[in-house]
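# Close look at the chain arrangement
Listed here are the chains, written in short residue letters.
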Amino acid sequence: MSNSRIPITRMRSLISQSSGSKRTGGWEGYIKTQINYLKRTNNSGIAWQLARFYALLGNKRQALDHLELAYESHYFLVPFVGAAPLFDDLRGEPRYQDLLQRLGLTRWLEQR
């Protein structure tokens with residue numbers, strides 16, 4: 001079976017190639033614009049989306065803070081945290097590993 005995961009560096013590259021990112025200061029500007037927008041909205045997936053964006057920016061602390069909030073709010077996508085390539089940079093973090101254990105996703109700890 002082939003590994004269809006897209007490396008986070010490739011995701012950053014794809015975002016930087018989009019026309020919207022060129023108008024907002026590259027991929028980092030685009031992500032920061034999305035973060036500011038999400039902070040002004042009110043929906044149940046905000047913490048999950050913010051965790052994804054902060055992970056893209058390499059801000060591990062904020063990514064983990066928002067993953068914790070998504071977990072506490074029982075957001076339906078949280079069980080996919082182990083498989084999401086956006087969070088690959090977090091795999092060595094004790095808070096991330098603890099979250100996977102609380103979710104019963106210890107197999108993802110062993111695979112990395």
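See above for the structure.
Procedures and definitions
- Residues numbered from 1 in each chain as written.
- Predicted model: local features only at pLDDT ≥ 70, side-chain atom pairs only at ≥ 80, totals over all residues.
- Heavy atoms only, no water.
- Helix = DSSP H or I, 4+ residues; strand = E, 2+ residues; numbered from the N terminus.
- Buried < 20%, exposed > 50% of the residue type's maximum accessible area, 1.4 Å probe, protein only.
- Contact = heavy atoms within 4.5 Å.
- Areas by Shrake-Rupley, 256 points an atom, 1.4 Å probe, with all protein chains shown as cover.
- Core = buried A, V, L, I, M, F, W, Y, C linked by side-chain atoms within 4.5 Å.
- Expected span 1.5 Å × (residues − 1).
- Phe/Tyr/Trp six-rings, centres within 6.5 Å; stacked < 30°, edge-to-face > 60°.
- Lys NZ or Arg CZ within 6 Å of the ring centre and 35° of its normal.

Each helix and strand in the chain was counted, giving 7 helices and 0 strands. Each helix and strand of the chain, placed in order from N terminus to C terminus, yields the pattern α-α-α-α-α-α-α. When burial is assessed residue by residue, the chain has 38% of its 112 residues classed as buried. Sequence separation of at least 24 residues holds for 51% of the intrachain contacts in the chain that already meet a minimum separation of 6. Here the chain displays about 6700 Å² of accessible surface, and carbon together with sulfur accounts for 51% of that area.

Attention shifts here to the nonpolar core. Ranked by internal contacts, the top residues of the largest apolar core, which has 29 residues, are Trp48, Leu67, Val81, Phe87, Leu90 and Tyr96. At the level of elements, helix H3 (26–40), helix H4 (46–57), helix H5 (60–72) and helix H6 (94–102) are the ones that each hand at least two residues to this core. At 9 residues, H4 tops the list of elements feeding residues into this core. Those residues in contact with Val81 that sit more than four places away from it in its chain are Trp48, Leu67, Phe87, Arg91, Tyr96, Leu100, Leu103 and Leu105.

Let us now look at H3. Taking 1.5 Å of rise per residue, the 15 residues of H3 would be expected to cover 21 Å, and the 22 Å separating its terminal C-alpha atoms lies within 8% of that figure. Listed as buried for H3 are Trp27, Gly29, Ile31, Ile35 and Leu38.

Let's shift gears to the packing of aromatic side chains. Applying the stated criterion across every chain yields a total of 3 aromatic pairs. Summarising the aromatic geometry, the rings of Trp48 and Phe87 are spaced 5.5 Å apart at their centres and angled 70° between planes, so their arrangement reads as edge-to-face. Separated by 39 residues along the polypeptide, Trp48 in helix H4 and Phe87 in the loop between H5 and H6 bring together distant segments of the chain. Here Tyr75 and Phe76 contribute two aromatic rings whose centre-to-centre distance is 4.9 Å and whose plane-to-plane angle is 55°, an arrangement assigned as tilted. Among the residues examined, Tyr75 registers a relative accessible area of 12% and is labelled buried. Joined through ring pairs, the aromatic side chains of Trp48, Tyr75, Phe76 and Phe87 make up one cluster. Here Arg102 stacks its cationic end above the ring of Tyr71, 4.8 Å away from the centre of that ring.

Position of Trp108 among the secondary structure elements: in helix H7 (residues 106–111). Owing to a relative accessible area of 14%, Trp108 belongs among the buried residues under this scheme. Along the backbone, Trp108 and Val81 are 27 residues apart, and their C-alpha atoms lie at a distance of 9.3 Å. Once residues within four sequence positions are removed from consideration, Trp108 is found in contact with Gly82, Ala83 and Leu100.

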